[in-house]
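# Observations on the model geometry
What follows is the residue order along each chain.
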Amino acid sequence: MRRYEIDRLDRCALYTLLTTALMNLIIFPYHKNFLIPSELYSHFPTVIHPFWEHFPKSRNLNKLTRGIENSASTYTLPSSGQLFCFVETSEKHYDDRVPSIASTWLPKCDNGRFFTKTPLPNGTLSFSTVFRNLEDSYYDLFRKTFLGFYYSYAYISRDFDWYLKADDDNYFVMDHLKEYLSTLDPSEPLYLGYRMKPFLKDGYNSGGPGYILSNAALRIFVEHLYSDEELCPYDWAEDRGMGRCLASMGILPADTRDEKGKHRFIPFLPNELSEIPAGYHYYPLNNGSLISEKFVSLHRVSPRKMIFLHSILYPESGKRLFTPEFFELL
């Protein structure tokens, strides 16, 4: 009788899940903003877990941190300071994006390294194989980011003021960022980035231009949120998932615009702004005129453009050539 009840619950959960998924795909065919209700997790049939790419996989730290390697150069990096940076990357970008980031902005972090699944071929670069036991897949970004933040704080150092998560197509202007962070208090639970409007009441920070947690915010995440699947349910969109998780403890996206109301974190290159769907952003971002001259980050920057941009911002002469018009060249 007990076996029958469990099977019936599993079937009900599966049918409800598939019906919800179908309705979401019909109503939202382009955004695909489908979330698996956390209430269904415990009754979802185990047999189809491997075939359901969006099902929440294990967050067990004993499994996920097993066998992680750190390159020799990581041991010479500071264990405290203003800013810790980790860049999520994968093997297909070892020959293009990784060298571009390693030769431009990443060394300007107090402690900057790549988080990968396999060791980088260049042993002089700083990397940690934090993703060793994860899938090298877009659909595992949620666990990559969650584990990345957790590992940074709990296994590398708890003594940085700020922790930055970046993708391998981000460019950060580190002196702008450090100047901005110096005006904020890392003992406050702050969540910095570009706030997006859809899905959550108070929005969430886009993963595109990267986002930053203060020491206080990351401590709360590590101690109270990482292992709590009710407060932090699985979400195939990792940035939305992180926003939902932090919001459950009252940590909401901060307003990171400058004193003129212009944006520091830029989710798209300026020449792509006309293609962004209406209503996608919490704050208006219509053209390059709304980008702060003290901008912190850009998204979707190719390796060639990254080197070019860096040469403009940090010329050998030491004289910065930046003008707002340089965005037209990107």
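Since the structure is predicted, the reported quantities are computational estimates derived from the model, not experimental observations.

Conventions adopted
Residues numbered from 1 in each chain as written. Predicted model: local features only at pLDDT ≥ 70, side-chain atom pairs only at ≥ 80, totals over all residues. Heavy atoms only, no water. Helix = DSSP H or I, 4+ residues; strand = E, 2+ residues; numbered from the N terminus. Buried < 20%, exposed > 50% of the residue type's maximum accessible area, 1.4 Å probe, protein only. Contact = heavy atoms within 4.5 Å. Areas by Shrake-Rupley, 256 points an atom, 1.4 Å probe, with all protein chains shown as cover. Arc of directions from axis to C-beta. Pairing = 2+ DSSP bridges. Axes fitted to C-alpha atoms, helices over the stretch in contact; angles between N-to-C directions. Core = buried A, V, L, I, M, F, W, Y, C linked by side-chain atoms within 4.5 Å. Salt bridge = Lys/Arg side-chain N within 4 Å of Asp/Glu carboxyl O.

## What to know about the overall build of the protein
For the protein, the helix and strand inventory stands at 8 helices and 10 strands. The 330 residues of the protein split such that 52% are buried. Taking as baseline every contact in the protein between residues at least 6 positions apart, the subset at least 24 positions apart corresponds to 73%. Within the structure as shown, the protein displays about 15800 Å² of accessible surface, and the carbon and sulfur contribution to it stands at 53%.

## Brief notes about the side chain of T89
Mapped onto the fold, T89 is located in the loop between β1 (81–88) and α3 (97–102). Since its relative accessible area comes to 4%, T89 is described here as buried. Contact partners of T89, with chain neighbours within four places excluded, come to Y94, V98, F114, F115, T116, F131 and D168.

## Some thoughts on helix α8 (residues 303–313)
Considered for burial, the residues of α8 that qualify are K305, M306, L309, H310, I312 and L313. Along the axis of α8, the buried residues cluster in a sector spanning 160 degrees; they form a single face.

## Notes on the sheet that holds strand β2 (residues 111–115)
Reading across from one edge, β3-β2-β1-β4-β9-β6 is the order of the 6 strands in this open sheet, with mixed pairing throughout. The outermost strands of the open sheet, each flanked by one partner alone, are β3 (127–128) and β6 (191–192). Note: β6 against strand β9 (residues 211–214), 2 bridges, orientation antiparallel. Bridging from a neighbouring strand, L192 pairs with I212 of β9. Running over the sheet, helix α5 (residues 174–181) touches β1, β4 (160–167), β6 and β9 and is turned about 130 degrees from β1. Strands in contact with helix α6 (residues 215–225) are β4 and β9; relative to β9, the strand with the most contacts, it is inclined by about 85 degrees.

## Regarding the nonpolar core
The nonpolar side chains of a soluble globular protein tend to be buried with one another. Ranked by size, the top nonpolar core spans 76 residues in total, and within it W105 and F221 carry the most contacts. Counting residues per element, this core draws most heavily on helix α4 (residues 141–156), at 7 residues. Beyond its immediate sequence surroundings of up to four residues, W105 is in contact with C85, V87, L164, A166, N170, Y171, F172, M174, M306 and H310.

## Here's the deal with the pattern of salt bridges
Inspection of every chain in the model, using the stated rule, returns 12 salt bridges. Notably, a salt bridge pairs D168 with R97, separated by 2.8 Å at the nearest N-O pair. Here the residue D168 occupies a position in the loop between β4 and β5 (171–172), and R97 occupies one in helix α3, the gap between them amounting to 71 residues. Under the relative-accessibility criterion, D168 is labelled buried at 7%. Here R97 falls in the partly exposed class, since its relative accessible area comes to 24%. Here K178 makes a salt bridge to D110, at a shortest N to O gap of 3.5 Å. Taken as a pair, K178 in helix α5 and D110 in the loop between α3 and β2 lie far apart in primary sequence, 68 residues in all. Three or more residues joined by partner-sharing salt bridges are found here, namely K165, D167 and E238.

## Points about the pairing of β2
The buried count for β2 comes to 5 of 5 residues, which makes it a mostly enclosed element. Side chains N111, R113 and F115 of β2 all project onto a buried face; the interleaved residues G112 and F114 project onto the opposite face, where all are buried too. Two strands pair when backbone bridges link them, and β1 and β2 are joined in this way by 5 bridges, in the parallel orientation. Bridge pairing links F86 to R113 in β2.

## Examining unusual backbone geometry
Phi at R300 takes a positive value of approximately 60 degrees, unusual for a residue other than glycine. In this structure, R300 sits in the loop between β10 (297–298) and α8. Exposure remark for R300: the relative accessible area of 41% places this residue in the partly exposed category.

## Some thoughts on the environment of A237
Residue position: A237 is located in the loop between α6 and α7 (238–247). For the pair A237 and G207, spaced 30 residues apart in sequence, the C-alpha to C-alpha distance is 9.0 Å.

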